[in-house]
Amino acid sequence: MRSTRTMLVWCPDWPVVAAEIVDGIPAGGPVAVMHANKVVASSSAARAQGVRRGLRKRDAQSRCSRLIVVEHDPGRDMRAYEPVVAAVEQLAAGVAVLRPGVCAFAARGPARYFGGEAAAAEKLVDQVANECGVEAQIGVADGAFAALLAARAGKLIGEEETAEFLAGLSVSTLERPELADLLWRLGVRTLGDFAALPPGDVLARFGLDAALAQRLAAGRDDRPLAVRQPPPDLDVQERFAEPVERVDMAAFAARALAERLHEKLTGYGLVCTRLAIVAITADGQELERVWRHDGVLTAQAIADRTRWQLEGWLTSRKLACGIIALQLIPEGVLAQVGLQPGLWGEAGAERDRAHRAMHRVQGMLGPESVVTAVLGGGRDPLLQATMVAWGDERKPALAQGPWPGRLPPPSPAVVAQQEQPVEVISEAGEQVRVDARLALNADPGFVVMGRSKVEIVAWSGPWPVDERWWVVEQRPHRLVRLQVLLANGQALLLILSGGEWSIPAEFD
């Protein structure tokens, strides 16, 4: 499916500009916006002295002694951005807010009306400057992700040229630090390299969010990926007995409604990628804004965007009366491919009650009485799952990443605590062994388990493991693994160690 031609309006350094608009802090000076003691945005004057995103506060101040530090406030950013969106809506329909400072819409309408994409972009820049007095850059490409990168580069990407434009960019532009770091260590450095990987393998190895990111890297927008119009009963709404006029009351209402929406979507096995927020005021005015996200919106993300939008309406629009009704509409949803809700749900009283029960059991029986499994690295399936006490940091004993000699997928479904001894024989009844060159002396024909003998209909391997030969005080750990499919439908992992075969794990 072809991606939609998207026009995107990007206001550079928006958290810094918003601080100037709302709090009067001069954006022309060296300003850094901080969150969790790290720089999330900086002015051009601060960047000229080496202040960059991700720097700690102390490091940033050491590079720029006159640095003005401002705490990050998404609500302030949205309050300042609301007039910009309103100005853009005067020239374009269907404007979606990606985040404060960035909004996007289909390029076709403005391009046809103003005589081309370049003319429409010039008109929008003038509109934002005249109405709001702020700088804006326009990007046009196939999809919102590519349009944002085009806006930062000040380019209008032609049709069918988006994939070529993205191919040479770094994977860090995906703004998924953990995924980008892992891809970099695996030798995948550019978006073109990432897009060239088999999509099925990316989904199986990295999950749904990485699969969405790969589509973006290939220049394919996320909306064609199984997006459908949701049934009407997914909407959630709340009417208030008294008009909501204060921001703190709006924030409380936003969180409660966001959790209701997320629980309803989870019940249908869906996640939200595009959210419409509708508010009705006491005098009958209806306000609506659409928020869009490149990944999936969690309950917290839905609550944040709803709160930011309500703050923007309650402050910048100077409403004559409060809000009496609020509605959240998931306009874009995806099936939760590869995802599942938590054991007790994602949010709400049931999950909290279960967590309290776990902690109570630990108080009576000790911390190790309640444990959860964390997947990690290693070659042995038994060592890849680490049992971690409930409430402790979920850190595996062995780091994940490439492990040469690890079993190929799929992973075993059941791992035995105590290996079951068996015999592996050929069709002629000969004991199957492996020589020094890792060659089988005969094809495996049967597995003998106690008194039963089951035919092997398919097998793969052998895969050797030779570990700890470098430790003088210990004996080397050598074994050979074999995957077999039996005539009764069982799929087993077999290992040969010390001249004896055993079953350490089974497959579904």
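Residues numbered from 1 in each chain as written. Predicted model: local features only at pLDDT ≥ 70, side-chain atom pairs only at ≥ 80, totals over all residues. Heavy atoms only, no water.

1. Considerations on the overall build of the chain
- Of the regular secondary structure elements, the chain holds 15 helices and 19 strands.
- Scored against the burial criterion, the 508 residues of the chain give a buried share of 45%.
- With the model as given, the accessible surface of the chain reaches about 26,400 Å², and the carbon-plus-sulfur share is 51%. (Helix = DSSP H or I, 4+ residues; strand = E, 2+ residues; numbered from the N terminus. Buried < 20%, exposed > 50% of the residue type's maximum accessible area, 1.4 Å probe, protein only. Areas by Shrake-Rupley, 256 points an atom, 1.4 Å probe, with all protein chains shown as cover.)

2. Examining the pattern of salt bridges
- Following the criterion strictly, the structure yields 14 salt bridges and no others.
- One salt bridge connects Arg-185 with Asp-181, and the closest N-O pair in it is separated by 3.2 Å. Residue Arg-185 and its partner Asp-181 are located together in helix H9 (residues 177–185), separated by four residues, close to a single helical turn.
- Among the salt bridges present, the one from Arg-260 reaches Glu-238, with a minimum N-O distance of 3.0 Å. With Arg-260 in helix H13 (residues 247–267) and Glu-238 in strand S8 (residues 236–244), this pair connects stretches of sequence that are 22 residues apart. (Salt bridge = Lys/Arg side-chain N within 4 Å of Asp/Glu carboxyl O.)

3. Quick word on the packing of aromatic side chains
- On inspection of all chains with the given rule, the structure shows three aromatic pairs.
- Summarising the aromatic geometry, the rings of Trp-291 and Trp-308 are spaced 6.0 Å apart at their centres and angled 55° between planes, so their arrangement reads as tilted. Here Trp-308 lies in helix H14 (residues 299–316) and Trp-291 lies in strand S10 (residues 286–297), a separation of 17 residues in the sequence. With respect to class, Trp-291 is no different from Trp-308; both count as buried.
- For Lys-453, the ring lying beneath its charged end belongs to Phe-446, and the centroid distance is 4.7 Å. (Phe/Tyr/Trp six-rings, centres within 6.5 Å; stacked < 30°, edge-to-face > 60°. Lys NZ or Arg CZ within 6 Å of the ring centre and 35° of its normal.)

4. Observations regarding the side chain of Thr-281
- Position of Thr-281 among the secondary structure elements: in strand S9 (residues 270–281).
- The buried category is assigned to Thr-281, whose relative accessible area is 1%.
- Engagement of the side chain of Thr-281 in a polar contact is seen with the side chain of Asp-283, the distance being 2.3 Å. (Polar contact = N/O pair within 3.5 Å; in protein donor to acceptor, adjacent residues only side chain to side chain.)

5. What to know about unusual backbone geometry
- Phi at Glu-160 takes a positive value of approximately 65°, unusual for a residue other than glycine.
- Along the chain, the position of Glu-160 falls in the loop between helix H7 (144–153) and helix H8 (162–167).
- With phi around 55°, Glu-175 is a residue other than glycine that occupies positive phi space.
- Among the structural elements, Glu-175 can be located in the loop between H8 and H9.
- For Glu-175, a relative accessible area of 40% gives the class partly exposed.

6. Side note on the packing of helix H1 (residues 14–23) against helix H4 (residues 74–89)
- It is the contact of H1 with H4, at a shortest axis distance of 8 Å, that shows an interaxial angle of 85°. Taken together, H1 and H4 sit at an angle that is classed as roughly perpendicular. Across the interface between the two elements, Trp-14, Pro-15, Ala-18, Ala-19, Ile-21, Val-22 and Asp-23 of H1 pack against Arg-76, Asp-77, Arg-79, Ala-80, Tyr-81 and Val-84 of H4.
- Among the residues forming the contact of H1 with H4, the class breakdown is nine nonpolar, no polar and four charged. (Axes fitted to C-alpha atoms, helices over the stretch in contact; angles between N-to-C directions. Parallel < 35°, antiparallel > 145°, perpendicular 65-115°, else oblique. Contact = heavy atoms within 4.5 Å. Nonpolar A, V, L, I, M, F, W, Y, C, P; charged D, E, K, R; others polar.)

7. Points about the sheet that holds strand S3 (residues 38–42)
- Taken together, the three strands give an open sheet; going across it, the order is S3-S2-S4, and neighbouring strands pair in mixed fashion. Since the sheet does not close on itself, it has two edges, and those belong to S3 and strand S4 (68–71), each with one partner. The mean angle between the axes of side-by-side strands here comes to 40°, regardless of whether they run parallel or antiparallel. (Pairing = 2+ DSSP bridges.)

8. Regarding the nonpolar core
- If you look at the biggest cluster of nonpolar residues, it comprises 54 residues, and the most contacted ones within it are Met-7, Trp-14, Tyr-81, Val-88, Phe-105, Leu-275 and Leu-328.
- The leading source of residues in this core is H14, at seven residues.
- In this view, Leu-328 contacts Asp-235, Val-236, Leu-257, Ala-258, Leu-261, Leu-275, Ala-276, Ile-277, Ile-302 and Thr-306; residues no more than four positions away in its chain are not counted.
- Formed by 30 residues, the second largest nonpolar core is a distinct cluster that contains Ala-141, Ala-150, Ile-157 and Leu-191. (Core = buried A, V, L, I, M, F, W, Y, C linked by side-chain atoms within 4.5 Å.)

9. Here's the deal with the state of the cysteines
- Using the criterion set out here, one finds zero disulfides in the structure.
- Counting only cysteine sulfurs, Cys-11 is the nearest neighbor of Cys-103, a cysteine outside any disulfide, at a range of 7.2 Å. (Disulfide = S-S within 2.5 Å.)

10. Details of the confidence of the model for the chain
- In the predicted model, the chain carries a mean pLDDT of 83, and 85% of its residues have values of at least 70.
- Summarising per-element confidence for the chain, the mean pLDDT is lowest in helix H15 (residues 349–365) (68) and highest in strand S7 (residues 137–142) (95).
- Note on residues 224–230: pLDDT under 50 across the span, and 18 contacts to partners over four residues away in sequence or across chains.
- Across residues 337–341 the pLDDT falls below 50, and counting only partners more than four positions away or on other chains, this stretch makes six contacts in the model. (pLDDT = per-residue confidence, 0-100.)

11. Quick notes on H1
- Trp-14, Pro-15, Val-16, Val-17, Ala-18 and Ala-19 are the residues of H1 that are buried.
- Buried residues along H1 sit against strand S2 (31–35), S3, S4 and H4.
- Positive backbone phi, at 75°, marks Gly-24, one or two positions downstream of H1.

12. Structural notes on the environment of Ala-118
- Tracing the sequence through the fold places Ala-118 in helix H6 (residues 117–132).
- It is 9.0 Å that separates the C-alpha atoms of Ala-118 and Val-140, two residues lying 22 residues apart in sequence.

13. A few points about the environment of Arg-99
- Within the secondary structure layout, Arg-99 lies in strand S5 (residues 96–99).
- Arg-99 gets classed as partly exposed once you look at its relative accessible area, which sits at 29%.
- On a C-alpha basis, the gap between Arg-99 and Pro-74 in space is 9.1 Å, while along the polypeptide they are 25 residues apart.

14. Notes on the pairing of strand S1 (residues 5–10)
- The buried fraction of S1 is high, at six of six residues.
- Neither face of S1 is exposed, since Arg-5, Met-7 and Val-9 on one face and Thr-6, Leu-8 and Trp-10 on the opposite face are all buried.
- Relative to S7, S1 runs antiparallel, the two sharing six bridges. Bridge pairing in S7 links Val-9 to Ile-138.

15. Structural notes on the packing of H4 against H6
- In contact at an axis separation of 9 Å, H4 and H6 are set at 135° when each is read in the N-to-C sense. Considered as vectors, H4 and H6 are oriented oblique to each other. Crossing angle aside, the handedness with which H4 passes H6 is right-handed. On the side of H4, the interface is formed by Pro-83, Val-84, Ala-87 and Val-88, while H6 contributes Leu-124, Gln-127, Val-128, Glu-131 and Cys-132.
- Among the residues making up the contact of H4 with H6, the classes are represented as seven nonpolar, one polar and one charged. (Left-handed = near helix turned anticlockwise from the far one by under 90°.)

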